[in-house]
Structure formats: C-alpha cells, structure tokens
Amino acid sequence: ETRVGVLMERTPALVATMLGVMKAGAAFVPLDPRNPPARLAAMVRASGARAVLVDRAHAGRLVDAGVPEIAIDLLPALPGPTDAPAVAVDPRNLAYVIFTSGSTGGPKGVEVTHGSVFALMQTVRGLLSPAERATWLACSTVGFDVSVLDVFGPLSWGGALVLVDDPLANPPPSRPVRAAFLVPTIAAERLAADAMPPGLRTLLIGGEAVSPALTREIQARHPGLRIINIYGPTEATVFATYAPVPHGAERLGIGGPVDGGRAYVLDRRLRPCGIGEPGELWLAGSVLARGYAGRPALTAERFAPDPLGPAGSRMYRTLDRARVRGDGVLEFLGRADVQVKVRGVRIEPGEVEAALRTHPSIREAAVDAHGGGNRAALAAWVVAEDAHPPPASPELRAWLRERLPEAMVPSLYIPVDALPRTSAGKLDRRALPAPPSTDADDAYVAPRTPVEETVAAAWAEILGVERVGVHDDFFALGGNSLVALRLIARVREATGETVPVAALLQGPTVEQMARAVADRRPAVRLPVVALQPEGAARPLYLVHAGGGHVACYAPLAPLLAPDQPLYAFQAQGLDDGLPPLQGVEAMAAYYVKGLRRAQPRGPYRLGGWSYGGIAAFEMARQLHAAAEEVELLALLDTGRPESRDDARFPLDHAAVLRRILTDLYGWGGTAAVTIEALRGMDPEAQLRFAARKLGDGLLPESRLPEVAALTRVRMANHNAMVDYVAKPFAGRITYFQTRGSAYLSNAQDALRFWGRLADGGFGVHEVAGNHGTLLQKPHVDSVAAALRRVLAELDGGS
C-alpha cells in the first residue's frame, strides 16, 4: 500500500521503474514531466507518496513536495536479488494512483487495485490473437491511464512493448507492431499523414467519442485492419466496455462490458431504462477503482452501492448518457455534466476556471470546448477586475502553463463584460458568445507562386498541419531545431535547393523561405544569425550549443523586450561546406571577428546555453584582453568543461553519430543502429549502414551529407570542450541555473567552478525547467523574464 511517485522521461528505464515499484509490493504514481512543478507537487501530496523516483533530467523538480527524491540513474550499481522479491500482495491491494482533472479546482487521484488491472488484461488478452499479442505499440503518455495497458499488457502476456517517443511516432522497421491503442484525434492525424503503424492488425480506439466517418476512412485505406471501439473512465481501469466496429458502420456502439464487469443504463431513481430509452450509464464489477486518494466524500458521491449486483458490491456513476439499442449494444449519447475531452484528455472546466481566477486581473472565468473532432480545442471567457484591463492572451497562457498541463491551457481567450447566468444565478454555458475565428484564419494568405506552393506543402507535411499560409511563422506552428532540419531536407528533396537553417531563422515564413529558394543565395552572413534584428537596445549575442545550430534560441527571441535585438553565433561546418573549427580558443576568435563586424565597439553582452556558455566565456576573455568591455556574460545552465576521463560519451565517430541519430529520430527510431554495430567501420560506412537500417522513410540518401556535417560539428565541439583549460575572467559572470538541476552534485560543482573564475563577481538567477528544457515552452518564459530583468538593470545603470 506504499505509494511511490515516478517522474521520468519516456525511456525503457521508465518501464523498468514502474515494474520495479510493483514487484516491490508498492503502488506507483505516474507523474508526467510535461506538467508544471506546482501541479506535480500537489499530485505527490494528494497521492500520499512516500518518495519519488526521478531520472537525472528531472532531479530537483519536486523540492516543494516534501518527500524524499531518489535519482535512480545517479545511484551506484547495487547488487540486487535474482529472484522476485517475496511480497504479500493480493488483488485487493493498490497497483497505482493516477490523476485526472478535478471539477473543484485541483486534480484527483484514482486508486486502482491489482484485481482491476488483472480483469482488464484478461479482456485484452482475449481480444487479441497470439500473433497480435506479440508486439504492442506503447505510445500513450504516462499520465494517461492507457499507458498502464501499453506497459503491463504486453509484459503480462509475454509480448514485446515497442516504446516510441510520442503518439505520432512509429516503431523502427525492424520491430513492426501488430496491435495498438490510439485516441481518435491521433488516429486522424496519423491517417492524414499516411502514418498508421505498418503491419498493424488490430486497433483499439477510444478515450473520446469516435466518429463513424473516421473508422470508415481507416477501413477504406487499411482494409485488413480490425477496429475495436472502447469506452470507459479512469475509475473503471482504462476501459469498461468494447465493441468491434463493423466495416462501413454508419453508427457506432460502445458494446458490452469487459470480463467481470457490468454496465447499467439507469433513470433518476436508479431503475433500469428500457430498450432505446436514454439514461445515465453506471459501471460495476471487478474493473472498478477503489476510489479517490484522500477524498472519502468524493468517493462516496461517485461510488454508490450496487442494487443490481451481489451483496456489498458497488457501482460508479459516470455522468455519461447512454441507451441500449435493440441489438443489445450500448450507445454513448454524451455527457450529463460539463466535463469535456480534447485530444483524448479528460478536462474538468472548473479546474481551468479556478486557475484563471487566481490571476490578479481576472474576476470570473468560464471554460468550454469549441470545434469538434481533430480541431477540438478549449476556449476561455474572462471577466477582468474593475481596476484592471483584460490581460492579453500570451500573459494568460503563460500564467496557466505554470499551473496546468499543456493540454488544459485554452487556445482562445475571449474578454467579456459579464458571464451569462440562468435565472437561478448559475453559469449559462449555452449562452456564452461564440468564439471568434482565430487570427491565423483571418490572416491566411494562400501560396501565390509554384515555389510558395512547394514550400507550403513541405511545411504542412513536416509540421502535420492542414494548411499553411505564406505569412505563417515556422516556430509559431510548432517548429523547433530538430524539425527545422527535417524541413530543410524535405525542401531540398522537393526543389533541389538547400536553404541554410540560419536563413530559416532570419526568415521564418513560407514567403521568406520561398524567396530564399528562388534566389538560390540566401542573405545570411555567418557566423552571426539575426534572430531579432529590430530594436534600439544594446544587442545580446548568444553562442550555439554543442550541436552547432542556433534554432534553440528562436523561442527566446520574441519573449525579450520589444526593442531588444538578439543575435546568435552558428558553428562553421553546418551549412557552408567548410570544415568545423577545432578548439574553444579558435572558435571564440572566429566569433569575435564576426561580433566586431556586427558591433565594432563595446560594451558587449554575450551568453550561451550549455557548451555555448563555455565558448562565450572564452570570447569574453579575448575581448577583455583587447581592452573591450563585456558588461554581461550570461551562462545558461553551463556545466564545467569535462575532461576526457569524465566526458559524457566517448570521443569516437560511432558514439557521436548514434547520438545525432537519436536527437533526430528518437531512441525508438534508431534501436537497430547500435554503437557496437557502428564501431569498426569508417565514417562513410557508418552512415551508409545507418541509412540501410533506418530505411528511406527515416534516412534517405539525400540526408546523408547533412547528418555527416552534424556529426563532424558535434565531434569538434565535444573535443574542444574536453581540451579547454579555462583561465580567470576579469569581469562578472551571471549564471542562470535551472530548478531541475539545482540539487545535483554536478550542478553545484559547476557553480563553484565558474564562481572561482569570475574575478569581477558572480551572480546566480534561478529559472524553470532542467538542462534540456529551459529553452522550450513553458520554461523559456522563465528564462526570458530573468534575462529581461538583468538587461533592464544594465540599461538603468548606463
């Protein structure tokens, strides 16, 4: 009955940790790393967890939870038993506690027993043939209860779970999957991208209402694929009813109960409804959860005695409406309350509304879903306090991202003078004004030339969006540095022209990229890349991280002050056909020359993330030696230079290439390309071996030069770091340390190291996230806010 939190990235270690907790006799509490720290801490406290197991990336994120944190990948190798631990666990004991959105303003933890999980596994095992049970696609996030089926289903019946990085990723060709669960929106996106897992034989689909049109389209394009529509809340252990979908069905049912389960359609007096008569759906039997962690009143409200079952049994009130058709199949009719589902995520509007009301400028708020199917999204209607103007949408999004999971952050914010009320004074959701069309729809301009059409089509394909206008911004549509590399390759395949990533950063619209393709000579003056060239303030210059590209800084640029120019230094050897520079001193000298072309005289403001901080430090030393002033040297979570003895990965081409491929395609996509298989080949042979293993779908011939350049640059930067001997700097260092690394021993070592080298003083600013996420949403907002404060202090004192 001991609860143990698990906060880890989606890797095989996560699966091993969940299994290890259960084999020790405890119950795991899955914690999604994408949730903000305050919400994670609230979940730990509400679950009653005694400890939290984390990986290195998330150490220190839960210091406010008040429980011990154990970073399992930082522990020394421990001798362990070779046999299963002797623990006394029976079906009534707790298996896991998983959280869902709560209508009263906070998440609620559902307690599920081993007996309920066993009943689910028995049902799924019976639905699948031995061949289908052999390989299961595990693509659900750990905070979604289907992840329990993804992980423990295959493990319990002896199959293989094929873990992928995200719901849209496919397994490597060497491990085709035969069965999978997908929510309808993900299935629709996969279908649109022609990315249904190859070899799939049975698809379980559910988590939200399923459109008959979607199932008909899937069947038309994949005629041999069997589809099973599943239904059930978290309180009924993943799903409680199921129904095979007939070919070409015009209406879908949710079938009948799973093994050991019962389903009733009851009227207001808890009497069974007749055939075809709508009523409220109640669930009962072995699939039911125990209740809600630490909330006995809520448990008693939703789990009632079952008057139709065995003595002492219970039933769960779903608040869903349903009816029994003439053929005996259950049919879902919608919600009886205001709960909504967006992309398969169950959302209580009350929890989002409560978070909005904590904003000092918001008096009232209402939240509801708008749109439908693949375009379903959340909208928020907000009433400002009398003394305050309505906050802008970006401010409200940033506020909520510090408190809620990304899936619960509305996409639209509509200011209103007052919320509509019924005669009884309750919120009248039906009377809320219709959300306006989005700015993106209003400003949409279709491609006007053949080149713009080609570029827009490539963007739509890579970004997975329905349409792209000529003025749409790559990063606003969800692009990032790794996606940028795939886009560049796709445009090169379609047009024969290579657009440097730096050109995409300086011109991130379809119109600008098409112009770069047509001109064939993009106006990029390397190594300096203008991320935000406008503004009267003194420019800030940031140096690339170990990979060489500067796209990591693109999310930061629009969050700084409106008049703050931002430039970045890109590594030689990526887009220019030149060999990479060798050594930190040589790189810094090259960047100083580029800096002086852009800004002939100081004072200078420099910085960099990770390896970029080391290069920026050496630039500052060289500028100071030339009698130039460096008024800001900002190190963004920069570790101390490593020696060759303690470097994180060996300095050979095989290890670096494997890391590049993992960055590009995820570890799941590159499982067939191991370091051991690559070693013993020359670099060109390694590339061609990787291309054969990954196939044209992932690594076509046209991408080999790009991957080779990335590998050469990464190797040069890694070699430069381990060979660098840092000497004192006469100026001040401003260090930005992430909360996720603040309590790690190597992070403390980095602070001591840089502090000793800063003869002019050393200041530390804490920012959100961890080393890998501080420049990504939502943590980049915290970094930008800290930088704005530092820059404002410099401007105020000048």
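Above this note sits the structure.
Cut-offs applied
Residues numbered from 1 in each chain as written. Predicted model: local features only at pLDDT ≥ 70, side-chain atom pairs only at ≥ 80, totals over all residues. Heavy atoms only, no water. Helix = DSSP H or I, 4+ residues; strand = E, 2+ residues; numbered from the N terminus. Contact = heavy atoms within 4.5 Å. Salt bridge = Lys/Arg side-chain N within 4 Å of Asp/Glu carboxyl O. Buried < 20%, exposed > 50% of the residue type's maximum accessible area, 1.4 Å probe, protein only. Core = buried A, V, L, I, M, F, W, Y, C linked by side-chain atoms within 4.5 Å. Pairing = 2+ DSSP bridges. Axes fitted to C-alpha atoms, helices over the stretch in contact; angles between N-to-C directions. Arc of directions from axis to C-beta.

(A) Here's a closer look at the environment of A236. Inspection of the secondary structure puts A236 in the loop between β11 (226–231) and β12 (241–244). Expressed as a C-alpha distance, the spacing of A236 and V117, which sit 119 residues apart in the sequence, is 9.6 Å. Once residues within four sequence positions are removed from consideration, A236 is found in contact with L283 and V287.

(B) Just the pattern of salt bridges, in detail. One pass over the structure, following the stated rule, counts 22 salt bridges. For D795, the salt bridge goes to R605, with nearest N and O atoms at 2.7 Å. Pair noted here: D795 is in helix α23 (residues 780–797) and R605 is in strand β28 (residues 604–609), with a separation of 190 residues, a long-range link. A residue is classified by how much of its surface remains accessible, and D795, at 35% relative accessible area, is partly exposed. R605 gets classed as buried once you look at its relative accessible area, which sits at 0%. Through salt bridges with shared partners, a single network forms among R538, R605, E631 and D795.

(C) Inspection of the nonpolar core at higher detail. Grouped together as the largest cluster of nonpolar side chains are 82 residues, with contacts concentrated most on F28, Y96, W136 and F239. One finds Y604, A654, L657 and V707 within the second-largest nonpolar core, a separate group that totals 61 residues.

(D) Just the sheet that holds strand β25 (residues 528–532), in detail. Spatial strand order, β25-β27-β26-β28-β29-β30-β31: seven strands in an open sheet with mixed pairing. Only two strands of the sheet have a single partner each, and these edge strands are β25 and β31 (762–767). Across the sheet, the axes of successive neighbouring strands diverge by a mean angle of 25°, strand direction being ignored. Sheet topology places β28 next to strand β29 (residues 630–636); six bridges connect them, and they run parallel. Within β29, the position partnered with L606 by the bridge is L633. The strands touched by helix α17 (residues 611–625) within the sheet are β26 (540–543), β27 (566–569), β28, β29 and β30 (733–738), with β28 carrying the most contacts at an inclination of about 155°.

(E) Representation of the sheet that holds strand β7 (residues 135–138) within the structure. An order of β8-β7-β9-β10-β11-β12-β13 is seen for the seven strands of this open sheet, with the pairing classed as mixed. Only two strands of the sheet have a single neighbouring strand rather than two, namely β8 (160–163) and β13 (256–257). Those strands touched by helix α6 (residues 184–192) are β7, β9 (179–182) and β10 (202–205), and its axis lies near 115° from that of β9.

(F) A look at the environment of L427. Within the secondary structure, L427 is located in the loop between β24 (412–415) and α11 (439–442). Note: C-alpha distance between L427 and A365 (62 residues apart in sequence) is 10.0 Å.

(G) Representation of helix α7 (residues 212–221) in the model. Buried residues of α7: P212, L214, T215, I218 and Q219, and no others. Axial view of α7: buried residues confined to an arc of 160°, hence all on one face. Where α7 is buried, its residues meet α6, β10 and β11.

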